Amino acid sequence: MFSTSSKRQSGGSRRFPLEDLRAALRDGRAWVELGVVYWPVGQAQHWELDGDDVLVHVLLMPGQEPLMCRLFHQEGIWRVPPVNTEVMVAFA
């Protein structure tokens, strides 16, 4: 369904600057897009843990731009969506 090649360069991920996100969300607007979970070539899995955050590799549709998205989860049980799952991506 999707190309196995990734536009994302290899290398470590860095933590998203939350201060910028908080400032962007102050006006209350947010956008929602369609994404599809994918497994980048050369990665051990399609998700990773970053402290308390679960980050998932997602292609933003329709342009297939690769993103690392934070999985929204409450305290307790959570589930990482499998590869090729359509997901909602919300951002400011």
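In case you missed it, the structure is sitting above this.
The following paragraphs examine the structure supplied in this document. (Residues numbered from 1 in each chain as written. Predicted model: local features only at pLDDT ≥ 70, side-chain atom pairs only at ≥ 80, totals over all residues. Heavy atoms only, no water.)

1. Observations concerning the overall build of the protein
Where we set the bar: Put simply, DSSP marks the helices as runs of H or I at least four residues long and the strands as runs of E at least two long, and each gets a number from the N terminus on. Relative accessibility under 20% of the residue-type maximum defines a buried residue, over 50% an exposed one, and the middle range a partly exposed one, all with a 1.4 Å probe and only protein chains included. In what follows, residue pairs with any heavy atoms lying within 4.5 Å of each other are defined as contacts. For the area figures, the Shrake-Rupley method with a 1.4 Å probe applies, and any residue is considered shielded solely by the protein chains shown.
Assigned secondary structure in the protein consists of one helix and five strands. The N-to-C order of helical and strand elements in the protein reads α-β-β-β-β-β. Per-residue burial for the protein yields a buried fraction of 24% across its 92 residues. Taking contacts inside the protein between residues at least 6 apart in sequence as the whole, the part at least 24 apart equals 58%. Total accessible area computed for the protein in this model is approximately 6,900 Å², and 54% of it derives from carbon and sulfur atoms.

2. Some remarks on the pairing of strand β1 (residues 31-37)
Each regular strand displays side chains that alternate between the two surfaces of the sheet. Put simply, the rule reads: Here, a strand pair is defined by DSSP locating no fewer than two bridges between the strands.
The pairing of β1 with strand β5 (residues 86-91) spans six bridges and is antiparallel. Within the sheet, the bridge partner assigned to Glu33 lies in β5 and is Val89.

3. Focus: the packing of aromatic side chains
Ring pairs (aromatic) are described by centroid distance and by the angle formed between their planes. What counts here: Working definition: rings of Phe, Tyr and Trp (its six-membered ring) pair if their centres are within 6.5 Å, and the pair is stacked with planes under 30 degrees apart, edge-to-face with planes over 60 apart, and tilted otherwise.
Inspection of the entire model under this criterion finds one aromatic pair. Note on Trp47 and Trp78: the rings are 6.3 Å apart at their centroids and 80° apart in plane angle, and the pair reads as edge-to-face. Of this pair, Trp47 sits in strand β2 (residues 47-50) while Trp78 sits in the loop between β4 (65-70) and β5, and the two are 31 residues apart along the sequence.

4. Here we look at the nonpolar core
Rules: Only buried Ala, Val, Leu, Ile, Met, Phe, Trp, Tyr and Cys residues count toward a nonpolar core, and they belong to the same one when joined by side-chain atoms within 4.5 Å.
With ten residues, the main nonpolar core is built from Val37, Val54, Val56, Val58, Leu60, Cys69, Leu71, Val80, Val87 and Val89. Among the secondary structure elements, those contributing two or more residues to this core are β3 (53-60) and β5. Ignoring anything within four residues of it in the chain, the contact list for Cys69 reads Val54, Leu55, Val56, Val58 and Val89.

5. Some thoughts on unusual backbone geometry
Most peptide bonds take the trans form, and the phi angle of most residues other than glycine is negative. Along the chain, Met61 connects to Pro62 via a cis peptide bond; the corresponding omega equals 5°. By the element assignment, Pro62 lies in the loop between β3 and β4. A positive phi is found at Asn84, a non-glycine position, where the angle reads about 75°. With respect to the helices and strands, Asn84 occurs in the loop between β4 and β5.

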